[in-house]
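# Observations on chain architecture
Spelled out from the first residue to the last, the chains are:
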Amino acid sequence: PPGQGAGAEIMLAVINQVLSLSAEPPLPVPPAWTPLPLGLLAPRGWALEQLLLQANSLSGYMPLSTFPGADTVNQSVWVGGTAAPKGGTDQWLPYWANGNVPLLMLLRAAGPAAVARLDPAAQLGPVVDRMMQYVLGHVNRSKSGPGAGWIGPFLNEPGDTNGHGLWDPLNMCRALLMYSEGEPSSRPAVAAAVVAHLTAEARLLESDPVYKWAATRWPTFVQVCLYVVDHVVPQFAGARAVLPLGAAGTTKLLMGASRLFRAKGMDWRGYYNGSSAVRFPTGPVAGWNTHDHGVNNAEGALAWPAMDRRLGAAQGEADAAMTLVLSRLDEYQGQPNALFCADEVFCGRAPHRGTETCAVVEAMASLEQAFSVLGDPSLVDRLETLAAEYALSTLLNTVCPPRGWRIDHTRRLEALAFNALPAALTDDMWTHVYVQQANSVFAGDTHPPLSEEQDPSRRRHSLHYRHVEGGCTAGSADGPAGGCRAHRHSLHDVPSGEDQTANFYGVSHFPCCITNFPQGWPKFVASAVLTHGNAFAVASFLPLNATLPDAVGGGATLLIETSYPFAGEAVLTVSVPQGHSTTAYLRIPGWAAGASVNGQRAANGTVHAVPLGSGLATLRVRLPQPIRVERGWGVLGNVSSPPADAAVVRRGPLLFSLRPAEQRRVVRDYRRLLPYRPLAVDYEISTREAWSFALDLSDLGALRFEPLASPGWAESLPFSTSEYPFSVRVPARLLSNATWGYWRGTNITAQPPASPIDCDALPSGACGPLEQIRLVPFGSTNLRIAVFPWSH
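Remember, it's a predicted structure, so these values are computed and weren't measured experimentally.

Quick notes on the rules
Residues numbered from 1 in each chain as written. Predicted model: local features only at pLDDT ≥ 70, side-chain atom pairs only at ≥ 80, totals over all residues. Heavy atoms only, no water. Pairing = 2+ DSSP bridges. Helix = DSSP H or I, 4+ residues; strand = E, 2+ residues; numbered from the N terminus. Contact = heavy atoms within 4.5 Å. Axes fitted to C-alpha atoms, helices over the stretch in contact; angles between N-to-C directions. Parallel < 35°, antiparallel > 145°, perpendicular 65-115°, else oblique. Left-handed = near helix turned anticlockwise from the far one by under 90°. Nonpolar A, V, L, I, M, F, W, Y, C, P; charged D, E, K, R; others polar. Phe/Tyr/Trp six-rings, centres within 6.5 Å; stacked < 30°, edge-to-face > 60°. Buried < 20%, exposed > 50% of the residue type's maximum accessible area, 1.4 Å probe, protein only. Lys NZ or Arg CZ within 6 Å of the ring centre and 35° of its normal.

### Observations regarding the sheet that holds strand β14 (residues 582–588)
Strand order in the open sheet formed by 5 strands is β1-β9-β10-β14-β17, with mixed pairing between adjacent strands. This sheet does not close on itself; its edge strands, each paired only once, are β1 (34–35) and β17 (606–612). As paired elements, strand β9 (residues 529–532) and strand β10 (residues 535–538) share 4 bridges and run antiparallel to each other. By the bridge assignment for β10, T531 is matched with F536.

### Topic: the side chain of T220
One can find T220 in helix α11 (residues 218–235). With residues up to four places along the chain from it excluded, the contact list for T220 reads W167, L170, R174 and E299.

### With respect to the environment of F346
Relative to the assigned elements, F346 resides in strand β4 (residues 345–346). Between the alpha carbons of F346 and L329 there is a distance of 9.4 Å; along the sequence they are 17 residues apart.

### Some remarks on the packing of helix α7 (residues 124–137) against helix α8 (residues 168–182)
At a closest axis distance of 11 Å, the pairing of α7 and α8 adopts a crossing angle of 120°. In terms of axis orientation, α7 runs oblique to α8. In terms of crossing hand, the pair formed by α7 and α8 is left-handed. When α7 is examined against α8, the residues V128, D129, M132, Q133, V135 and L136 are found in contact with a partner set consisting of M172, A175, L176 and Y179.

### Digging into the pairing of strand β13 (residues 569–576)
Across 6 bridges, strand β12 (residues 557–562) lies against β13 in antiparallel orientation. The partner of L559 across the bridge, within β13, is T573. Following β12, the chain reverses through 6 residues before pairing antiparallel with β13. As defined by bridge partners, β13 adjoins strand β18 (residues 615–622) across 8 bridges and the pair is classed as antiparallel. Each residue of the ladder has a partner; that of V574, found in β18, is A617.

### Examining the packing of helix α14 (residues 294–301) against helix α17 (residues 357–374)
Here α14 crosses α17 at 10°, and the two axes come no closer than 8 Å. Taken together, α14 and α17 sit at an angle that is classed as roughly parallel. Taking contact as the criterion, the partners of G294, V295, A298 and E299 in α14 are, on α17, C358, A359, E362, A363 and S366. Grouping the amino acids of the contact of α14 with α17 by side-chain chemistry returns 5 nonpolar, 2 polar and 2 charged.

### Quick word on the packing of aromatic side chains
Per the counting criterion, the structure on display carries 29 aromatic pairs. Ring geometry for Y271 versus Y272: centroids 5.1 Å apart, planes at 75°, classification edge-to-face. In this structure Y271 comes out as buried when scored by relative accessible area, which is 0%. Residue classification places Y272 among the buried residues on the basis of a relative accessible area of 1%. Between F418 and Y564, the aromatic rings sit 5.9 Å apart at their centres with planes inclined by 80°, giving edge-to-face as the arrangement. Here the residue F418 occupies a position in helix α18 (residues 413–423), and Y564 occupies one in the loop between β12 and β13, the gap between them amounting to 146 residues. With relative accessibility at 1%, the residue Y564 sits in the buried group. The positively charged end of R651 is found above the aromatic ring belonging to F705, 3.6 Å away from the centroid. The ring of Y683 is capped by R664, whose NZ or CZ atom sits 4.8 Å from the centre of that ring.

Printed below as a string of structure tokens:
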């Protein structure tokens, strides 16, 4: 095409050659469901309150503040700043935009009343608008050469041995595309910029190696490319200013580049099925490396099956791949609050080990994508299907489970959104943790009385800055073809340096999580309603309004009135214009046995279809939420020690935990960094209350749900850490410190003793008298015990 230069034509020839060698289809496989464009869905109720809280706190204030982490946004070279990139990269502003752009678009869709509640001092709307315009105004506009069309301050080069160049701009591409959904006037400029950038990346992929971060996160490139193929190409098919190669040429280019990136990237299939040199670990990992890095697995491995499906894999093959990934994570790295344990790298099943906040939000995003593409409802909820699940009507099985037995609980998206995500922040959303643990009664700096040099378990985050790899063959490349051929597992499940020093609530952590956590709530809300053909699906019963596209019921409207997950009912009102019809598909959670829609039974773990004609229809959804007790948590055990077989308590999508009373103090404030933000501080949170309880499961009928909220609880602060919407009372016995105490003289809880606890066989005083303890939702805690030993 005129003005394009020879580079794109050469690249197109390369892509043609790649496609000629491939039997995969030239067009992407359509997804099962497509999320509504931003602007068509308006949050209401507690979901709106949560988004406003985020916008008016740490997330929204970062561009106009100078406390630690904020400079990675307001001084980013992406917007003309001079701040030196931390960690050898400048991914932080794209991270921030990837969360705050959809946040702003949802609030604007909620209407003028919601926008009026944005804190004017934060200026979130003007900041985002200016940022998007700045990025669009500073793309590389040269017509030829390696940088032609590049978005952002850096260009990938062969010397980029950490793989940031090919990956860092992709979150900004996502942010621009989401911005264009909510701000239609920006669509031509955004489309042209993103297509030009992807064309430049495709050109570099021809010659550049794909390292570390880019190698593990190749599905992100595919996601962005396929969004363009799905949405941009049809809209701008005749616009050469946007698609210089035309619609067919652009589609061919992006499909070929996606497959080329996948071929050069991490072999996630081989990693998880054990057929490659780099293999999934079956325990905690001692040395830092990109393959076992939790965030890379959350963004890469969890997204791989869906992106493989869209590139041509059979549905059964993609479903099997997703099952493989989730089952391996469940079995060897499973945690009840988060999808897996990764306090940087995988860390096993001990509940005093942590999960990085970035891993939580990236896992959520990948599961949202996976449900959209694969359509499996279990990806959205938490299914507990084996004998480990005990409802109130079930008698406790006295047969001990065999060694290696595990729970196939397949916990999914809602479990992260309603448990791990709120637990990663204080309830005012001004401070966050770098890692969270299922069992944690101290949030601060604590470590054994040894120096770092004497304690090899201390994997300090300084390694992240230098990208130091552990457990790799000396001199080997950390790419998909070689390197770490064996994992160096620790002999004991020792908390890492992050567990010891980075579980405090504050702002001075390494800047990845402070800039990345904002995507959690907005993307979760935006993924609640999806469409396909003349049908729509409700993936999560959140309070909202939605206007469906014209193809769905002639532009039907949807209103969801609910307090879910704080209630088990939802009322959906659907208005279908005269002469039209549609079908509503309602996801019924796997735990909701006995669920009903308008009084008719709806099978749990399915997507329930309701045909709708023209006019107004009301759908009343009832989701029973019995108390469930799961066993099998904690370490699996080995030939010398039994499995922990610890227990957790759930009701509906919520995990419940003991919440000891807090002692909170500010250890660092940043009043000298103006303008002063008095809530942007670093806390140390501790407790003086007893916490080492063993649940008494001799009579499951003794577990009692108490529906009464604490006096100060309100939907305006649904995850308050001083209130609760309801609670569960459980009989328990306090164990002595000798039976269950702290790890190695620190304030970190030790692993729970193996269950069942036989109090009669223990020394006098090891078990206290039977008493009732109150458990509250996990997301409403800063300190908590969620994984308990138990006795009959």
